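# Chains, contacts and geometry: an overview
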Amino acid sequence: MKYFLMLSCLLCYTLGYAQAAPDDAGTFHAADSTYILYKTGVSAVDTTFNYNGESLGRFISSIRLTEASGSKVYVEINSGASPEGDAAGNKLLSDRRTDALASYIIRHAGLSERQIKRRSEGVAWENLHKAVNYDNNTPCRDEVLRILQDTTADRNKELKSLHSGEAYSYLLANVFPRLRFSTLTLYSNREQNLPYPDETPAGRRTILTADLKNYSKAAFANLADCTAPISTPHKLSDNQAN
């Protein structure tokens, strides 16, 4: 499945070409980015899972190269969770994912706490909507999109009951694993020309806003998935966060 697109586009809706540093010390430019995925219910950084180790290694190298050029840097981390379970539990889980990854970057890249900007969105509803919008194979796709757009409803419950759970089962197996993520974005006070990574899973990079001019929606639809296959998760209890 082509859910690399969902994570690739994530930063396009949250980043501009430049923004202020956490301490408002001038304008910083997005220089590089990547993402990692998590197993169900897990917040610890697992470098053996889904090419996480390779992706983090490349990203940390980008941090070091950028600092070596004399630039000031900081890293923004944002994490999400899939919708199984209750909202409070999933928010706590995504918070812990951000904190665990921040500690990893501080330890391995030598950054200070002030150089980390933390975000956590709980259930990644917006990313789920984007994924379904691009996936013509989703059962009852129009009805699923209608449910996802209604922020006042119990969307998880409605998805489970839609056509005896057919759509929910599909999302659980094919989309939810991509919602258990953290993205990392490197910002520099100087515009960088870092080498663009190759098209291997270890070289994956999320697509920044500045890259959008080179792509169309049709081109996005043809992007191959750059992540390793993830098997269908085991059935979970209704109150288990993911």
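Described in the following lines is the structure provided in the data block. (Residues numbered from 1 in each chain as written. Predicted model: local features only at pLDDT ≥ 70, side-chain atom pairs only at ≥ 80, totals over all residues. Heavy atoms only, no water.)

## What to know about the pairing of strand S5 (residues 181-188)
- Taking burial as the measure, the eight residues of S5 include eight buried ones, the bulk of the element.
- Side chains Phe 181, Thr 183, Thr 185 and Tyr 187 of S5 all project onto a buried face; the interleaved residues Ser 182, Leu 184, Leu 186 and Ser 188 project onto the opposite face, where all are buried too.
- Across eight bridges, strand S2 (residues 27-37) lies against S5 in antiparallel orientation. Looking at S5, one finds that Ser 33 is bridged to Thr 185. (Buried < 20%, exposed > 50% of the residue type's maximum accessible area, 1.4 Å probe, protein only. Helix = DSSP H or I, 4+ residues; strand = E, 2+ residues; numbered from the N terminus. Pairing = 2+ DSSP bridges.)

## Side note on the packing of aromatic side chains
- Inspection of the entire model under this criterion finds three aromatic pairs.
- Taking 5.5 Å as the distance between ring centres and 80 degrees as the angle between the ring planes, the aromatic pair formed by Tyr 168 and Phe 176 counts as edge-to-face.
- The buried category is assigned to Tyr 168, whose relative accessible area is 10%.
- Members of the aromatic cluster, each reached through a chain of ring pairs, are Phe 28, Tyr 74 and Tyr 187.
- Above the face of the Trp 125 ring, Arg 155 is positioned so that its terminal group lies 4.2 Å from the ring centre. (Phe/Tyr/Trp six-rings, centres within 6.5 Å; stacked < 30°, edge-to-face > 60°. Lys NZ or Arg CZ within 6 Å of the ring centre and 35° of its normal.)

Coordinates in, geometry out; function isn't part of it.
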